[in-house]
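Each chain is listed here by its residues.
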Amino acid sequence: MVVRIIAVVQLLLVVNCYGEAKNQFDGYKVLRVKVQSQKEVEVMRRLEETGKYDFWNFPFDVMTTPDNADEIQHMLDDNEIEYHIRIDDVQKLIDNQFNVRNGEIKSLSVDPDDLYYTVYHRYAEIDQWVKDTAARYPDLAKEFIIGRSYEKRVMRALKIGAESNVTKPAMWINSGIHAREWITPATNIWMTNKMLHTYTEDSRVTRLLDMFDLYILPVFNVDGYDYTWDVYRLWRKTRSVNMGVGPECYGVDPNRNWPHEFGGGGTSTNPCSYSYRGEYPLSEVEVRQVVEWIRQKSQTQEFKFFMDIHSAAQMWMNPWGYTYDFPKDYDDHNIIGKAFVDALASVHNTTYQYGTITELLYVASGSSVDWAYGSAGIKYSHATELRDTGEYGFLLPEDQILPTAQETYEGMLAAYDIVMNSQ
């Protein structure tokens, strides 16, 4: 009942959700770059290393300020790299992102239990949702605390699963590791609620929660997530202080800070870069606490599945990220990837790709997926990139939350089925 009342209030009120920073992205543009060779990748890497440009999807989509637009376009022209302007004014997309709560969508036909999930929520609201959900489903859900963030926020998570007299295998699902990817916590909490709500009605869910315990962390990067609401909508990193630089260069990319092949390709040593890896592996308390929690839990419970939910590129991604080599479980990884993308497409005809991180995107060392597979020994270790492929990027409007969650849910159930059948 609490979450439903909150949702109704949010749907009725027009609010300024990012305070004084409301117009800070006026005139910012996103360029779609046609990269066709390793030489051109290196040009883009040099641009990234300057810390002046925000790569939404390296090396293809890059955001530039009005002041830097001429410089990057001249550099691309000088290197004969084709590009076009994908997003002409980022601020317009930010303003449009709240289209449900601002009343631009006059009617939204949803089930009452979905009402809360039609808008984006601040971290305090998601934290309260975890507590309310545990209270609403006491036989299936338990809240627990991973630890506290750099800025001392509680990292609260949820365990869901039917009670059992035996120790069950486990699954881990986190979202919001990159602060600006709002659609990922929104999707994660919708899927969690859907499983709990349909446990006695959907045989797929009954089997899953009877066989497994699922550990769900809705917002991994809690400090960065709050920062995207209060100060800078497109912040990606954590909020730890990097000595010797200003606040604009704070933080570490928490998906480059994991202790497996740390510091390799696809990372930066520049604190101003959005792919800054940190001074050493596990320098970020948020990453360190999740690693320590999974390591400790693994002593008594075997993890069979690990999922890190991202946006935005419409992909299912397998190890490895640090190398172009294929892992020994490459074929099995592609089987589960195909099941996910096929099931997802059956809902709204959305097209996803599947493959290794390096096949689909780029080299990214020190990632969560590589750590879970290579160090924690979790065979089915994967990441998703939710909607979309560039029209909105990280600024997916609220009216796309439900369709994104609905299709992802069907894909995840198909993936879970393969993991259960592997038992």
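Values in this document were obtained by computation on a predicted structure and should not be read as measured data. (Residues numbered from 1 in each chain as written. Predicted model: local features only at pLDDT ≥ 70, side-chain atom pairs only at ≥ 80, totals over all residues. Heavy atoms only, no water.)

So, the nonpolar core
Within the largest apolar cluster, 98 residues are counted, with the highest numbers of intra-cluster contacts made by Val90, Trp172, Leu214, Phe305 and Tyr416. Every residue in contact with Leu214, bar those within four places of it in the chain, is listed here: Leu158, Lys159, Ile160, Met171, Ile173, Met195, Leu208, Leu209 and Tyr416. (Core = buried A, V, L, I, M, F, W, Y, C linked by side-chain atoms within 4.5 Å. Buried < 20%, exposed > 50% of the residue type's maximum accessible area, 1.4 Å probe, protein only. Contact = heavy atoms within 4.5 Å.)

Comments concerning helix H6 (residues 183–197)
Here H6 contains 15 residues, and its C-alpha end-to-end distance of 21 Å stays within 8% of the 21 Å for a straight helix at 1.5 Å per residue. In terms of residue burial, H6 counts as a mostly covered element, since 13 of its 15 residues are buried. (Helix = DSSP H or I, 4+ residues; strand = E, 2+ residues; numbered from the N terminus. Expected span 1.5 Å × (residues − 1).)

Here's the deal with the pairing of strand E12 (residues 380–386)
The element E12 is extensively covered by neighbouring structure, given that seven of its seven residues are classed as buried. Going residue by residue along E12, you find Tyr380, His382, Thr384 and Leu386 tucked away on one face and Ser381, Ala383 and Glu385 tucked away on the opposite face as well. Where strand E9 (residues 303–311) and E12 come together, seven bridges link them in parallel fashion. The residue of E12 that forms the bridge with Met307 is His382. The pairing of strand E10 (residues 315–318) with E12 spans three bridges and is antiparallel. The partner of Trp316 across the bridge, within E12, is Thr384. (Pairing = 2+ DSSP bridges.)

A few points about the sheet that holds strand E4 (residues 82–87)
Ordered by their spatial adjacency, four strands build an open sheet running E2-E3-E1-E4, and the pairing between neighbours is antiparallel. Looking at which strands have only one partner, the edges of the open sheet turn out to be strand E2 (54–57) and E4. Averaged over all pairs of adjacent strands, the angle between strand axes in this sheet comes to 35 degrees, irrespective of strand direction. Looking at chain direction, strand E1 (residues 29–34) and strand E3 (residues 61–64) are connected through four bridges and run antiparallel. Note on E3: the bridge partner recorded for Val30 is Met63. (Axes fitted to C-alpha atoms, helices over the stretch in contact; angles between N-to-C directions.)

Some points on the environment of Gly374
Note on placement: Gly374 falls in helix H12 (residues 368–374). Gly374 sits in the partly exposed class, given a relative accessible area of 35%. Taking the C-alpha atoms as reference points, Gly374 and Trp320, 54 residues apart in sequence, are found 8.8 Å from one another.

Things to note about the packing of aromatic side chains
Under the definition given, this model contains 31 aromatic pairs. On the numbers, 5.7 Å between centres and 85 degrees between planes, the contact of Phe144 with Tyr215 is edge-to-face. Of this pair, Phe144 sits in strand E5 (residues 141–148) while Tyr215 sits in strand E8 (residues 213–217); the two residues are 71 residues apart in sequence, bridging distant segments of the chain. In this structure, Phe144 and Tyr215 share a single accessibility class: buried. For the ring pair Phe144 and Trp293, a centre distance of 5.1 Å and an interplane angle of 15 degrees mean the geometry is stacked. (Phe/Tyr/Trp six-rings, centres within 6.5 Å; stacked < 30°, edge-to-face > 60°.)

Re the sheet that holds E8
The strand order across the open sheet built from eight strands is E5-E6-E8-E7-E9-E12-E10-E11, with neighbouring strands paired in mixed fashion. Whereas interior strands pair on both sides, the edge strands pair on one side only; in this sheet they are E5 and strand E11 (353–356). Neighbouring strand axes in the sheet, compared pairwise and without regard to direction, differ in orientation by 20 degrees on average. Of the strands in this sheet, E5 and strand E6 (154–160) touch helix H5 (residues 123–136), which is tilted by about 35 degrees from E6.

Quick word on the pattern of salt bridges
Throughout the structure, instances matching the rule amount to 24 salt bridges. Between Lys168 and Asp213 there is a salt bridge, with the nearest N and O atoms lying 3.1 Å from each other. One end of the pair, Lys168, is in the loop between E6 and strand E7 (170–175); the other, Asp213, is in strand E8, and 45 residues separate them in sequence. Lys168 gets classed as buried once you look at its relative accessible area, which sits at 5%. Judged by its relative accessible area of 7%, Asp213 falls in the buried class. Here Asp253 makes a salt bridge to Arg256, at a shortest N to O gap of 3.8 Å. (Salt bridge = Lys/Arg side-chain N within 4 Å of Asp/Glu carboxyl O.)

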